[in-house]
2 protein chains.
Amino acid sequence: MKIQIVRDVLEANDQLADTIRTESHKSGLKLINIMSSPGSGKTSLLEKIIPELKKKGIRVAVIEGDITTTADAERIATLDIPVAQINTESFGGDCHLGAEVIMPALHQFELNELDLVIIENVGNLVCPAEFDTGSNYNFVVISTTEGEDKPLKYPLMFRVCDTTIINKTDLVPYLDMDINLLRENIRKIKPQMRIIETSAKTGQNIPEIVNHVQTLLKQ
Amino acid sequence: MKIQIVRDVLEANDQLADTIRTESHKSGLKLINIMSSPGSGKTSLLEKIIPELKKKGIRVAVIEGDITTTADAERIATLDIPVAQINTESFGGDCHLGAEVIMPALHQFELNELDLVIIENVGNLVCPAEFDTGSNYNFVVISTTEGEDKPLKYPLMFRVCDTTIINKTDLVPYLDMDINLLRENIRKIKPQMRIIETSAKTGQNIPEIVNHVQTLLKQ
């Protein structure tokens, strides 16, 4: 019985996610959903990437998901782009963004005037992986400080993502971690994963992420 | 209807958690539940703390919670203490440990021969906070690399915990973070929080954590 209920919720979510993809396709729009543990640096990365996307003429908006606070949305709003904040506290403190909250958030934007909507999901390496947001691409950000074993311990997250951004490479000299082992563990879960190493702090490989996003928009 | 179901699950969990506390009290045993984001260093901290607890004559066992893999349990088992592994994958990939999985894990131990069971919860700063494990005390570990804002963004976790361990203080010189602001944000959510700054790498304040645990066992 309990399993049946969970399945119904997931099925309803998947249907709504497909509707979102159909709608955004009609508007000539792509959605990228970014997921990670808390504190891996999603917002800091967006602060680096979005100005570069704008320079290339890409019209971008962001949906910010947090349980509570508008702190991240306020940081992104200073980049002078449309931002919608979802606080899942009103939905019982949900640990993820489902399609049912993405849909109304999307409708706050003028969709025909956008090329890309980036969804910054709730900081959580587990639950967001289970809920299709209606995105066209899923990115996971993993910080070097989280160690090499996370892809093996949270395989679903890495399985549902096409791109892994390894952030905070500037800290590697101060950590007991092997970035090549992290790459190997990612590829054990998803051999074809696109992996980009970066540092939001130093700006390493930010242009590579921007080019990657631009390529995805053309597909 | 949906809310009703969630409430029933939580109520059933809370009742079972109370039963666990009654049972462990009868066995003269305390339970500490440790929660955090993935990669904050829970296992590394346990590797430092447990040998010190053993030196003080405290008989300790560990319940390891992971979605998949037995990697952490294997690390802890080398400390020559009883370890039970819960893989939530068999329970639908659960993002937390509920009382219903703690109960059978506890029964794998000789409870009368233990003073302390440490539960290392699934790496997740959201869902584990919602589910009472039957523990007597809840600890949250937060890494300095996660930034200062996490207590404000994940308030329930900090509300349900009595102790916050700020880990990876050795990395502070390489981060743009203000540890005093992190402490302030923790106290905004829970003014009476016991906060201990530590580094599993350098061993800073490990004796303070050990003394704190010893004090809790006497209460």
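Rules used throughout
- Residues numbered from 1 in each chain as written.
- Chains lettered and ligands numbered in written order.
- Predicted model: local features only at pLDDT ≥ 70, side-chain atom pairs only at ≥ 80, totals over all residues.
- Heavy atoms only, no water.
- Pairing = 2+ DSSP bridges.
- Helix = DSSP H or I, 4+ residues; strand = E, 2+ residues; numbered from the N terminus.
- Axes fitted to C-alpha atoms, helices over the stretch in contact; angles between N-to-C directions.
- Contact = heavy atoms within 4.5 Å.
- Buried < 20%, exposed > 50% of the residue type's maximum accessible area, 1.4 Å probe, protein only.
- Right-handed = clockwise from strand over helix to strand, strands pointing away.
- Phe/Tyr/Trp six-rings, centres within 6.5 Å; stacked < 30°, edge-to-face > 60°.
- Least-squares fit on C-alpha atoms with pLDDT ≥ 70 in both.
- Buried area = accessible area lost by both parts, 1.4 Å probe.
- Salt bridge = Lys/Arg side-chain N within 4 Å of Asp/Glu carboxyl O.
- Polar contact = N/O pair within 3.5 Å; in protein donor to acceptor, adjacent residues only side chain to side chain.
- Disulfide = S-S within 2.5 Å.
- pLDDT = per-residue confidence, 0-100.
- Arc of directions from axis to C-beta.

Enquirer: What am I meant to see in the sheet that holds strand β5 (residues 137-143) of chain A here?
Expert: Where strands meet in a sheet, backbone hydrogen bonds hold them as pairs that are either parallel or antiparallel. Residue and element names in this part refer to chain A. Taken together, the seven strands give an open sheet; going across it, the order is β3-β2-β4-β1-β5-β6-β7, and neighbouring strands pair in parallel fashion. The outermost strands of the open sheet, each flanked by one partner alone, are β3 (83-87) and β7 (194-197). The average undirected angle you get between the axes of adjacent strands in this sheet is 20°. Bridge count between β5 and strand β6 (residues 163-167): five bridges; the pairing is parallel. Its bridge partner being in β6, V140 is matched across the sheet by T164. Along the sheet, helix α4 (residues 99-106) contacts β1 (30-36), β2 (60-66), β3 and β4 (116-120); its crossing angle with β3, the most-contacted strand, is approximately 150°.

Enquirer: Help me understand the pairing of strand β6 (residues 163-167) of chain B in this model?
Expert: Residues and elements named next belong to chain B. With five of its five residues buried, β6 lies for the most part within the structure. Side chains of β6 alternate between two faces, with T163, I165 and N167 and T164 and I166 buried alike. As paired strands, β6 and strand β7 (residues 194-197) are joined by four bridges and run parallel to one another. Bridged to I166 within β7 is E197. In this view, the connection linking β6 to its parallel neighbour β7 by way of helix α7 (residues 179-189) has right-handed handedness.

Enquirer: What am I meant to see in the packing of aromatic side chains here?
Expert: All told, the structure shown has one aromatic pair over all chains when counted by the stated rule. Ring centres of Y174 of chain A and Y174 of chain B lie 3.4 Å apart, and the angle between their planes is 5°; this geometry places the pair in the stacked category. Here Y174 of chain B lies in the loop between β6 and α7 and Y174 of chain A lies in the loop between β6 and α7 (179-189), a pairing that spans two chains. Owing to a relative accessible area of 31%, Y174 of chain B belongs among the partly exposed residues under this scheme.

Enquirer: Sorry if this is basic, but what is going on with the relation of the copies chain A and chain B here?
Expert: Here two copies of a chain appear, and what relates them is a rotation about an axis with a shift along it. Expressed as a screw transformation, the operator carrying chain A onto chain B has a rotation angle of 180° and an axial translation of 0.0 Å, and the superposed copies differ by an RMSD of 0.0 Å. The two molecules are tied by a two-fold rotation axis, judged by turn and shift. The residues that chain A uses at the interface reappear at the interface of chain B in 100% of cases, marking a shared surface.

Enquirer: How should I be thinking about the environment of N112 of chain A in this particular structure?
Expert: Residue and element names in this part refer to chain A. Turning to its location among the elements, N112 is positioned in the loop between α4 and β4. By relative accessible area, N112 is classed as exposed at 61%. With 88 residues separating them along the chain, N112 and S24 place their C-alpha atoms 8.9 Å apart. In contact with N112, other than residues within four places in its own chain, are S27 and R59.

Enquirer: Where do I start with the interface of chain A and chain B in this structure?
Expert: By a widespread convention, an interface's size corresponds to the accessible area lost as its parts come together. With 33 residues of chain A at the interface, the matching set in chain B holds 33 residues. For the pairing of chain A and chain B, the buried interface totals around 2700 Å² over both sides, and the portion due to carbon and sulfur atoms is 59%. Of all residues in chain A, P38, K153 and Y174 of chain A give up the largest surface area on contact with chain B, accounting jointly for 22% of the area buried on that side. Seen at the junction of chain A and chain B, the total is six salt bridges. Note that D176 of chain B is salt-bridged to K201 of chain A, the shortest N-O span being 3.8 Å. Linking chain A with chain B are eleven residue pairs in polar contact (both at pLDDT 80 or more). Top contributing element to the side of chain A that touches chain B by residue count: helix α5 (residues 150-153) of chain A, with three residues.

Enquirer: I keep staring at α4 of chain A and nothing clicks. Help me out?
Expert: In an α-helix, one full turn covers 3.6 residues, which means residues spaced three or four apart are oriented alike. Across the eight residues of α4 of chain A, six count as buried, placing the element largely inside the fold. When we look at burial in α4 of chain A, the residues that qualify are A99, V101, I102, M103, A105 and L106 of chain A.

Enquirer: In this structure, what is going on with the pattern of salt bridges? I would like to understand it.
Expert: Pairing is possible between side chains of opposite charge, provided their charged atoms come close. A complete count under the given rule lists 23 salt bridges over all chains for this structure. The partner of R75 of chain A in a salt bridge is D72 of chain A, and the shortest N-O contact between them spans 4.0 Å. Of this pair, R75 of chain A and D72 of chain A both sit in helix α3 (residues 71-77), three residues apart, roughly one helical turn. The partly exposed category is assigned to R75 of chain A, whose relative accessible area is 29%. Accessibility expressed as a relative area gives 2% for D72 of chain A, which makes it buried. Bridged by salt links that share partners, the residues E47, D66, D72 and R75 of chain A together with K153 of chain B form one connected network.

Enquirer: What is the right way to read the state of the cysteines from this model?
Expert: Note: disulfide means a covalent bond formed between the sulfur atoms of two cysteine side chains. Within this structure, the stated rule accounts for zero disulfides over all chains. In this structure C95 of chain A is not part of a disulfide, and its nearest cysteine sulfur, from C127 of chain A, lies 3.4 Å away.

Enquirer: What am I meant to see in the environment of C127 of chain B here?
Expert: All names here are of chain B. Position of C127 relative to the elements: it lies in the loop between β4 (116-120) and β5 (137-143). Since its relative accessible area comes to 4%, C127 is described here as buried. Placed 30 residues apart in sequence, C127 and L97 show a C-alpha to C-alpha distance of 9.0 Å.

Enquirer: Got a minute to help me understand the confidence of the model for chain A in this structure?
Expert: The predicted coordinates of low-pLDDT regions are not to be read in fine detail. Mean pLDDT over chain A: 94, with 96% of residues reaching 70 or higher. With pTM at 0.91, the complex prediction returns an ipTM value of 0.87.

Enquirer: Looking at this structure, I do not really get α7 of chain B. What am I missing?
Expert: Residue and element names in this part refer to chain B. Restricting attention to buried positions, one finds in α7 the residues I179, L182, N185, I186 and I189. Down the axis of α7, the sector holding all buried residues measures 115°, keeping them to one side. Buried residues in α7 make contact with β5, α5 (150-153), α6 (155-160), β6 and β7. Measuring from the side-chain oxygen of the N-cap residue of α7 to the backbone nitrogen of N180 gives 2.9 Å; that N-cap residue is D178.

Enquirer: Which parts of the structure should I look at to understand the sheet that holds β5 of chain B?
Expert: Residue and element names in this part refer to chain B. Taken in spatial order, the seven strands of this open sheet run β3-β2-β4-β1-β5-β6-β7, and their pairing is parallel. In the strand order of this sheet, the two ends are held by β3 (83-87) and β7, each with one partner. Going from strand to strand, the sheet's axes swing by 20° on average, the running direction of each strand aside. Across the face of the sheet, helix α4 (residues 99-106) comes into contact with β1 (30-36), β2 (60-66), β3 and β4 while running at roughly 150° to β3. Relative to the sheet, helix α8 (residues 206-218) contacts β1, β4, β5, β6 and β7, its axis offset from that of β7 by approximately 150°.

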